[in-house]
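Architecture at a glance
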Amino acid sequence: VQLQASGGGLVQAGGFLRLSCAASGITFSSYTMGWFRQAPGKEREFVAAITWSGGRTTYADSVKGRSTISRDNAKNTVYLQVNSLKPEDTAVYYCAADFRPQWTTVISDRPDEYEFWGQGTLVTVSS
């Protein structure tokens, strides 16, 4: 199983980034996909997640209203766009996969419920 995150970089405050995570080795459409982030010296925190069909999404309050999570099951890829970036968005962003029955709309924001993780991509927002 491999989750390959990309798209991080150095961005000025007020800008935007679009992160991608390409999955392989799993039946992508059987997984809720999530994004988490971890800033230096802080615990990993939930950012956003999306059900297998894309029919339901959820966001952390810290990014709600300025972020969009989406997925393309044909490409086995999940995306996260964050607009109006702030210095406090600086973190390593991780994508993760949580196996869920397709009939459920439950989305977990707990890292320990996600079975597979990518290596992370660093986002640095300068003020």
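Summary of the structure given here. Keep in mind it's a predicted model, so treat the numbers as computed, not measured.

Turning our eyes to something else, we now look at the pairing of strand 11 (residues 121–126). A one-sided burial pattern is seen for strand 11, the buried positions being Thr121, Val123 and Val125 and the unburied ones Leu122, Thr124 and Ser126. As paired elements, strand 2 (residues 9–12) and strand 11 share 4 bridges and run parallel to each other. Counted as the bridge partner of Val11 is Val125 from strand 11. Note: strand 9 (residues 91–99) against strand 11, 3 bridges, orientation antiparallel. Bridge pairing in strand 11 places Tyr93 opposite Thr121.

Turning to the nonpolar core, a few remarks are in order. Ranked by size, the top nonpolar core spans 36 residues in total, and within it Leu3, Met33, Trp35, Ile69, Val78, Leu80 and Tyr93 carry the most contacts. If you list the elements that add at least two residues to this core, you get strand 1 (2–6), strand 3 (17–24), strand 4 (31–38), strand 5 (45–50), strand 8 (77–82), strand 9 and strand 11. If we ignore the near neighbours within four places in the chain, the residues touching Leu80 are Leu17, Arg18, Leu19, Trp35, Val47, Ala48, Ser67, Thr68, Ile69 and Tyr93.

A few words now on the pattern of salt bridges. Under the definition given, this model contains 8 salt bridges. Residue Glu45 pairs with Arg37 through a salt bridge whose shortest N-O separation is 2.5 Å. Linking Glu113 and Arg100 is a salt bridge whose minimum nitrogen-to-oxygen distance equals 2.8 Å. Of the two residues, Glu113 is situated in the loop between strand 9 and strand 10 (116–117) and Arg100 in the loop between strand 9 and strand 10; the sequence distance between them amounts to 13 residues. A single salt-bridge network, built from bridges that share partners, covers Asp98, Arg100, Arg110, Asp112 and Glu113.

A separate point is the sheet that holds strand 3. Ordered in space as 1-3-8-7, the 4 strands form an open sheet in which the pairing is antiparallel. The open sheet has two edge strands, strand 1 and strand 7 (67–72), and neither has a second partner. For this sheet the average axis-to-axis angle between neighbouring strands, irrespective of direction, equals 15°.

Time to look at the environment of Val1. Note on placement: Val1 falls in the segment before strand 1. On the basis of relative accessibility, which here comes to 58%, the residue Val1 falls in the exposed class. Taking C-alpha positions, Val1 is 13 Å from Tyr31, a pair spaced 30 residues apart along the chain. Apart from residues no more than four positions distant in its own chain, Val1 is found in contact with Ser24, Gly25, Ile26 and Phe116.

Scoring rules and cut-offs
- Residues numbered from 1 in each chain as written.
- Predicted model: local features only at pLDDT ≥ 70, side-chain atom pairs only at ≥ 80, totals over all residues.
- Heavy atoms only, no water.
- Buried < 20%, exposed > 50% of the residue type's maximum accessible area, 1.4 Å probe, protein only.
- Helix = DSSP H or I, 4+ residues; strand = E, 2+ residues; numbered from the N terminus.
- Pairing = 2+ DSSP bridges.
- Core = buried A, V, L, I, M, F, W, Y, C linked by side-chain atoms within 4.5 Å.
- Contact = heavy atoms within 4.5 Å.
- Salt bridge = Lys/Arg side-chain N within 4 Å of Asp/Glu carboxyl O.
- Axes fitted to C-alpha atoms, helices over the stretch in contact; angles between N-to-C directions.

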